[in-house]
Amino acid sequence: MDLAIQTKDLGRVYKIRGSKKEKARELIALKDVNLEVKRGELFGLLGPNGAGKTTLIKILTTLLAPSSGFAKVAGFDVIQEAEKVRPRINMVSGGESSGYGLLTVRENLWMFAQFYGIPSKVANQRISDLLKIVHLEDRINTKSSDLSTGLRQKMNIVRGFLTDPDVLFLDEPTLGLDVEASRDVRKFVEGWVAENPQRTLLLTTHYMVEADELCDRVAIINAGRVLACDSPTNLKRQLQQDAIYRMEVSPLNGLGPDSFEQLKGVNKALHEAKDGFSILELMLAEDDALGSVVNMLTSRDIHILNLQKREPTLEDVFVTLVGKSMMEVESGDGG
Amino acid sequence: MQAAQSVPTPAVAAERGIIQRTLRSAAWLGWQIESNWTDPLIFIIYSVIKPLASASILVVMYSVITGGNFDSPIFPYIYLGNAFYIYVAAVLNGVSWCVIEDREQYRMLKYIYIAPVVIPVYLLGRGFAKFVFGSLAVFITISFGVLFLNVPLDLAQVDWPLFVLSLFLGLLMLAMMGLTLGSVILLIVNNVYFVGEAVAGALFLFSGAIFPLDVLPAWLRPIGYIIPITYWLELVRRALIGSVAESFQTLAGFSNGQLIGILVSLTIVFTIIAFVTFRYCDHQAREKGYIDRVTNF
Amino acid sequence: MATVDRVYKNTGARLFLQTIVGRAYPRVVGLLRERTWFFFDVLLPVISVSAYVFIYRAIQAPDIYIGFVVMGGAMTAFWLNILWAMSSQMYWEKETGNLALYIMAPNSLMAILLGMALGGLFATSQRALVITLAGLFLFGVQIQVSSYLLLFSVFMLTMIALYGMGMMTASLFLLLNREAWHFSNMAQEPVYLASGFYFPIKSFDFWIAAGASIIPLTLGLDAMRQLSFPGGVELGFIHVNIEVAVLAVLSIVFLFGARWLLGFMERLAIREGRLTDARR
């Protein structure tokens, strides 16, 4: 099998110390990560903030050494053969502020092209072509300090593709982009991978829709561990037997999700309080379990305002694996 | 947005206690930034090495030519002037450099701007920590000179009221110069290293710090006479070692009272310049969108 | 599925040169677009150096010392270029996120540093030139060059050794954060003192001067003074030929040392995770 990315028992531990007097404590950022990404795949890494996605990307892009295990990119070890990995990769992070504000968009991109050995004539042509694709060609001679956050991110994305890498790492690339720009980028990314079977792309995101739409396979990561790795369809298929309902109800008056989970047939209940109403997301073992939920609500004089049955999403897969929604994990709520 | 709308009038600001709050918060922040970059041992080494190396350059230059004659009054003249000149770089840098630091490095300037603080007061407060560390450097330099280089400083002979008054006026004057420089920096990018030090280095020539103004060509001396630093250093010398100051005729015709009067007048002039410059540069920076400009340069 | 032509990329020496040019570009262009540097980086320092000229005049030093100050003042430009355009610049690049991108690219960190230094050299050489011209025309410094070829060779060897040393110190800065700024600041006056920027290094005890000779500017300045000023030889530390030999050795040692240390420090920074943490 021709692997673009391979990790085996990959781990990374950080030593954290608050003040100089405090004893250093260990933070496990990654533990026993085993991944195999085939050449030509558009692979997603999905997880909440602090899950270890960026740490993994840093290791794969030769910027950080693992504490245990190994990683290979384009067939080369990221530590022992870093000089062979680097010509074949590139990375774009969301919200990055690379380059120099006094240089124009074209000059910044040209500069980075020089670091990869791309001749100036070729670089300038590629810059023009790529800027057209992201609709930034009219700002080619604008100083990058004069760009908005979203436009600057578009420039960063062009920087990633400019060097024609074999493996491209996109770390939350649509951060800061508006809906239309995000759509353009996603479309371009899909086309870029499809255009050449030698190209591989690893995308990290915490936008489920993005992972669902784009990726051939997705690894769900939380607290440094990979919990599942499969195509979005297969991951969701695991929940197909569950019935997923979304209810809008009047305020729950202190009734918590665990009250619903005690009912027979209710696998998982999530609750979100809104202004004047609440949203209940229920994963039921079977449709019949809905009756007991309705009974509980009506017995406490809680009105049902809206009821929808929906297909499982990757968010539901995450909840099933972790026991909390991504938002709850990020906010540290018990859920 | 007009500059007049961006800064509350002094009366309004004072009424609300904004000035005290701004000064206190800025001084605390400046202290945090300056004081926790390393462990105490390295900090002590840094605090000692830098001012002593600077003073030692002059000491070596002097002793190479004069054969180490530290008893001549010119030596304490040079040494004291150089020691107190540390304040010039420290305060100028402390007040002005934080504009670039906050804008480019910490990316915080825009948040400070939208907070209910008085920006000039904020800049002055940020310079407080540099003043404190500058004081340490001045103390170390003078102590070294007294202990090892025969600088004839006798604490019992010091005119303390004159010293305290001139030090206070001098620091106020330097703060206003620093504010002027900080205002100008609102309009330039991070391509100058320690702008405050560069300006201080240039003023070194004209302020009579390390040689009497009479040494300068006649056409350059008037510059020295309009810089308040010249009068400040003369007052400090008179307060600390009166006999040294008396040996040089440059400002001998002025009494202490006259020098204080000149220093106060020039400080007022520079205060006006500082606030006028700030209003202009602040307005220009807002017009051109420089407050949150990040050049990574 | 149709295949796409891959982009051609240079490697080896071509990539090295391209990287130097690429990294020098922002500094040169930036200076042209923001011209206040000429006032703060050139004119003001000239005035500052002049202060040392007048100190010597105040204590009635022989004219040769004025020449020493002018030459030393001109050379401060190169030392400051090392400190601020190379060494602590690594800290700045880390803060902005550019350092990670430089390391991830297939170029050499040496080339990046050389690019930084050469880019800064534009302003540096202006500063050195203006100070020298001020010395010649404003202060009437008399020069009498005994050998232009030797003078040029000394200057080039000094620069090679100095920039090699600069690359070595820059590699240390890969591990530093905010303290990088202060360490660079701390290295200004002590080096001016130890290397005799404003006075002949012969003034020091032999072994102190010998120890200070590890800084290339020490012997470089001394040799250039001996070659440039009437009476310079009498105030020289050791014979120019010995100084040239030492500078040649330092050049080689520092260049190879830089290559080794950059690799070592990069690996260390990658192991400790210091390349990308922007601890302001």
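Residues numbered from 1 in each chain as written. Chains lettered and ligands numbered in written order. Predicted model: local features only at pLDDT ≥ 70, side-chain atom pairs only at ≥ 80, totals over all residues. Heavy atoms only, no water.

Novice: Explain the overall build of chain A to me, please; I cannot follow it from the model alone.
Specialist: Counting its regular elements, chain A contains 12 helices and 14 strands. By principal-axis analysis of the C-alpha atoms, chain A measures approximately 75 × 50 × 45 Å. Within chain A, the fraction of its 335 residues that count as buried is 55%. Within chain A, counting contacts between residues at least 6 apart in sequence, those at least 24 apart form 69% of the total. With the model as given, the accessible surface of chain A reaches about 14,500 Å², and the carbon-plus-sulfur share is 47%. For chain A, the separation between the mean place of its 42 positive charges and that of its 47 negative charges on side chains is 8 Å. (Helix = DSSP H or I, 4+ residues; strand = E, 2+ residues; numbered from the N terminus. Buried < 20%, exposed > 50% of the residue type's maximum accessible area, 1.4 Å probe, protein only. Contact = heavy atoms within 4.5 Å. Areas by Shrake-Rupley, 256 points an atom, 1.4 Å probe, with all protein chains shown as cover. Lys, Arg positive; Asp, Glu negative; His and termini not counted. Charge placed at Lys NZ, Arg CZ, Asp CG, Glu CD.)

Novice: Even after reading the chapter, I still don't get helix α4 (residues 40–66) of chain B, so can you show me in this structure?
Specialist: Along an α-helix, a turn takes 3.6 residues, which lines up residues three or four apart on a common side. Between its first and last C-alpha, α4(B) extends 38 Å over 27 residues, near the 39 Å set by a 1.5 Å rise per residue. After α4(B) finishes, the residue B:Gly67 shows a positive phi value of roughly 70°. (Expected span 1.5 Å × (residues − 1).)

Novice: Help me understand the interface of chain C and chain A, please; the structure alone is not making it clear to me.
Specialist: In many analyses, interface size is given as the accessible surface area lost on bringing the parts together. Each partner contributes to the interface: chain C provides 39 residues, whereas chain A provides 45 residues. Between chain C and chain A, the buried area comes to about 3,600 Å², and carbon and sulfur atoms account for 59% of it. Together, C:Arg6, C:Lys9 and C:Met104 form the three largest contributors to the area buried by chain C at its contact with chain A, with a combined 19%. At the junction of chain C with chain A, the criterion picks out 4 salt bridges. For the pair chain C and chain A, the interface holds 19 residue pairs in polar contact (both at pLDDT 80 or more). Secondary-structure elements contributing two or more residues to the side of chain C that touches chain A are α1 (12–33), α3 (63–96), α4 (98–104) and α11 (240–272) of chain C. Tallying contributions element by element places α1(C) first for the side of chain C that touches chain A, with 11 residues. Its residues assigned to classes, the side of chain C that touches chain A comprises 20 nonpolar, 10 polar and 9 charged. (Buried area = accessible area lost by both parts, 1.4 Å probe. Salt bridge = Lys/Arg side-chain N within 4 Å of Asp/Glu carboxyl O. Polar contact = N/O pair within 3.5 Å; in protein donor to acceptor, adjacent residues only side chain to side chain. Nonpolar A, V, L, I, M, F, W, Y, C, P; charged D, E, K, R; others polar.)

Novice: Looking at this model, I keep getting lost on the nonpolar core. Mind explaining?
Specialist: As a rule of thumb, nonpolar side chains are buried together in soluble globular proteins. Membership of the largest hydrophobic core comes to 281 residues, with the highest contact counts inside it found for B:Phe84, B:Ile229 and B:Trp232. What B:Phe84 contacts, discounting residues up to four positions off in sequence, is B:Val138, B:Ile142, B:Phe163, B:Leu167, B:Trp232, B:Leu233, B:Val236 and B:Leu240. By size, the runner-up hydrophobic cluster in this structure holds 19 residues, among which are A:Ala243, A:Tyr245, A:Leu263 and A:Leu297. (Core = buried A, V, L, I, M, F, W, Y, C linked by side-chain atoms within 4.5 Å.)

Novice: For this particular structure, what's the right way to read the interface of chain B and chain C?
Specialist: On the side of chain C, 50 residues touch chain B, which itself brings 52 residues to the contact. Together, the buried faces of chain B and chain C total about 4,700 Å²; carbon and sulfur atoms form 72% of this surface. Taken together, chain B and chain C are joined by 1 salt bridge. Broken down by secondary-structure element, the contributors of at least two residues to the side of chain B that touches chain C are α3 (18–35), α4, α5 (74–105) and α10 (195–206) of chain B. Looking at the side of chain B that touches chain C element by element, the count peaks at 14 residues for α4(B). A per-class count over the side of chain B that touches chain C returns 37 nonpolar, 9 polar and 6 charged.

Novice: Could you clarify how one ought to interpret the sheet that holds strand β12 (residues 266–273) of chain A in this entry?
Specialist: Through backbone hydrogen bonds, the strands of a sheet pair up, either in parallel or in antiparallel fashion. Residues and elements named next belong to chain A. Pairing in this open sheet of 4 strands is antiparallel, and the strands run β12-β13-β11-β14 from one edge to the other. At either end of the open sheet lies a strand with only one pairing partner, and these are β12 and β14 (304–310). Neighbour-to-neighbour, the strand axes of the sheet open up by a mean angle of 15°, direction not taken into account. Looking at chain direction, strand β11 (residues 243–249) and strand β13 (residues 278–284) are connected through 7 bridges and run antiparallel. The residue bridging Ile244 from the neighbouring strand is Met283, located in β13. Of the strands in this sheet, β11, β12, β13 and β14 touch helix α10 (residues 290–299), which is tilted by about 15° from β11. Contacts from helix α11 (residues 314–322) reach β11, β12, β13 and β14 within the one sheet, and its direction differs from that of β13 by about 70°. (Pairing = 2+ DSSP bridges. Axes fitted to C-alpha atoms, helices over the stretch in contact; angles between N-to-C directions.)

Novice: Whenever I open this one, the packing of helix α3 (residues 105–115) of chain A against α1(C) confuses me. Can you help?
Specialist: For any two helices packed against each other, one specifies the crossing angle of their axes together with the interaxial distance. At their nearest, the axes of α3(A) and α1(C) sit 7 Å apart, and the two run at 155° to each other. Relative to α1(C), α3(A) is oriented roughly antiparallel. When the axes of α3(A) and α1(C) are compared, the crossing they make is left-handed. Here A:Glu107, A:Trp110, A:Met111, A:Gln114 and A:Phe115 of α3(A) lie close against α1(C), whose contacting residues are C:Leu15, C:Gln18, C:Thr19, C:Val21, C:Gly22, C:Arg23, C:Tyr25, C:Pro26, C:Val29 and C:Arg33. Taken together, the residues that form the contact of α3(A) with α1(C) break down as 8 nonpolar, 4 polar and 3 charged. (Parallel < 35°, antiparallel > 145°, perpendicular 65-115°, else oblique. Left-handed = near helix turned anticlockwise from the far one by under 90°.)

Novice: Is there a simple way to explain α11(A) in this structure?
Specialist: Every buried residue of α11(A) is listed here: A:Leu314, A:Asp316, A:Val317, A:Phe318 and A:Val319. Immediately downstream of α11(A), the backbone of A:Gly323 shows phi near 95°, a positive value.

Novice: In this structure, what is going on with the pairing of strand β1 (residues 3–16) of chain A? I would like to understand it.
Specialist: Each regular strand displays side chains that alternate between the two surfaces of the sheet. Residues and elements named next belong to chain A. Pairing between β1 and strand β2 (residues 25–38): 10 bridges, direction antiparallel. Bridge assignment links Tyr14 to a residue of β2, and that residue is Leu27. As paired strands, β1 and strand β4 (residues 68–73) are joined by 5 bridges and run antiparallel to one another. When the sheet's bridge partners are listed, Lys8 is paired in β4 with Phe70.

Novice: Any chance you could explain the side chain of A:Thr163 here in plain terms?
Specialist: When you line up the elements, A:Thr163 lands in the loop between α5 (149–162) and β7 (167–171). Only 2.9 Å separates the side chain of A:Thr163 from the side chain of A:Asn90, close enough to count as a polar contact. With near-sequence residues (within four places) excluded, A:Thr163 lies in contact with A:Asn90, A:Tyr116, A:Ile118 and C:Lys9.

Novice: Explain the state of the cysteines here, please?
Specialist: Joining two cysteines, a disulfide is a covalent bond between their sulfur atoms. Summed over the entire model, instances satisfying the criterion amount to 0 disulfides over all chains. A:Cys215 forms no disulfide, and the closest cysteine sulfur to it belongs to A:Cys229, at a distance of 11 Å. Assessed through its relative accessible area of 7%, A:Cys215 is described here as buried. Looking at the unpaired B:Cys281, the closest cysteine sulfur is the one in B:Cys98, lying at 14 Å. (Disulfide = S-S within 2.5 Å.)

Novice: Explanation requested: the pairing of strand β3 (residues 42–46) of chain A in the structure shown.
Specialist: Residue and element names in this part refer to chain A. The buried count for β3 comes to 5 of 5 residues, which makes it a mostly enclosed element. The alternating pattern of β3 places Leu42, Gly44 and Leu46 on one face and Phe43 and Leu45 on the opposite face, and all of these are buried. Where β3 lies against strand β9 (residues 217–222), 4 bridges are found, and the strand directions are parallel. Directly across from Leu46, in β9, lies its bridge partner Ile220.

Novice: Would you explain the pattern of salt bridges in this entry?
Specialist: Opposite charge on two side chains makes pairing possible when the charged atoms of those side chains draw close. One pass over the full model with this rule turns up 31 salt bridges over all chains. Note that A:Arg186 is salt-bridged to A:Glu213, the shortest N-O span being 3.5 Å. Here A:Glu213 lies in helix α7 (residues 208–214) and A:Arg186 lies in helix α6 (residues 179–195), a separation of 27 residues in the sequence. In this structure, B:Lys130 engages B:Glu34 in a salt bridge whose closest nitrogen and oxygen atoms are separated by 3.0 Å. Of the two residues, B:Lys130 is situated in helix α8 (residues 128–148) and B:Glu34 in helix α3; the sequence distance between them amounts to 96 residues. Neither B:Lys130 nor B:Glu34 differs from the other in exposure class; each is buried. Put simply, A:Asp164, A:Asp166, A:Glu195, A:Arg199 and C:Arg6 are held in one network by salt bridges that share partners.

Novice: Which parts of the structure should I look at to understand the packing of aromatic side chains?
Specialist: Two aromatic rings are characterised by how far apart their centres lie and by the angle between their planes. A full pass over the atoms with the stated rule returns 33 aromatic pairs over all chains. Between C:Phe78 and C:Phe155 the ring centres are 5.7 Å apart and the planes differ by 75°, which places this aromatic pair in the edge-to-face class. Of the two residues, C:Phe78 is situated in helix α3 and C:Phe155 in helix α6 (residues 148–172); the sequence distance between them amounts to 77 residues. Site record: aromatic cluster; members linked through ring pairs are B:Phe84, B:Tyr87, B:Phe128, B:Phe131, B:Trp160 and B:Phe163. (Phe/Tyr/Trp six-rings, centres within 6.5 Å; stacked < 30°, edge-to-face > 60°.)

Novice: It is not clear to me how the confidence of the model for chain C should be interpreted in this structure. Could you clarify?
Specialist: Note: predicted coordinates in regions of low pLDDT should not be interpreted at a detailed level. Residue and element names in this part refer to chain C. With 97% of its residues at a pLDDT of 70 or more, chain C has an overall mean of 90. Mean pLDDT values over the elements of chain C span from 83, in helix α7 (residues 179–186), up to 97, in helix α10 (residues 216–228). On the interface metric, ipTM, the complex scores 0.89, and its pTM is 0.84. (pLDDT = per-residue confidence, 0-100.)

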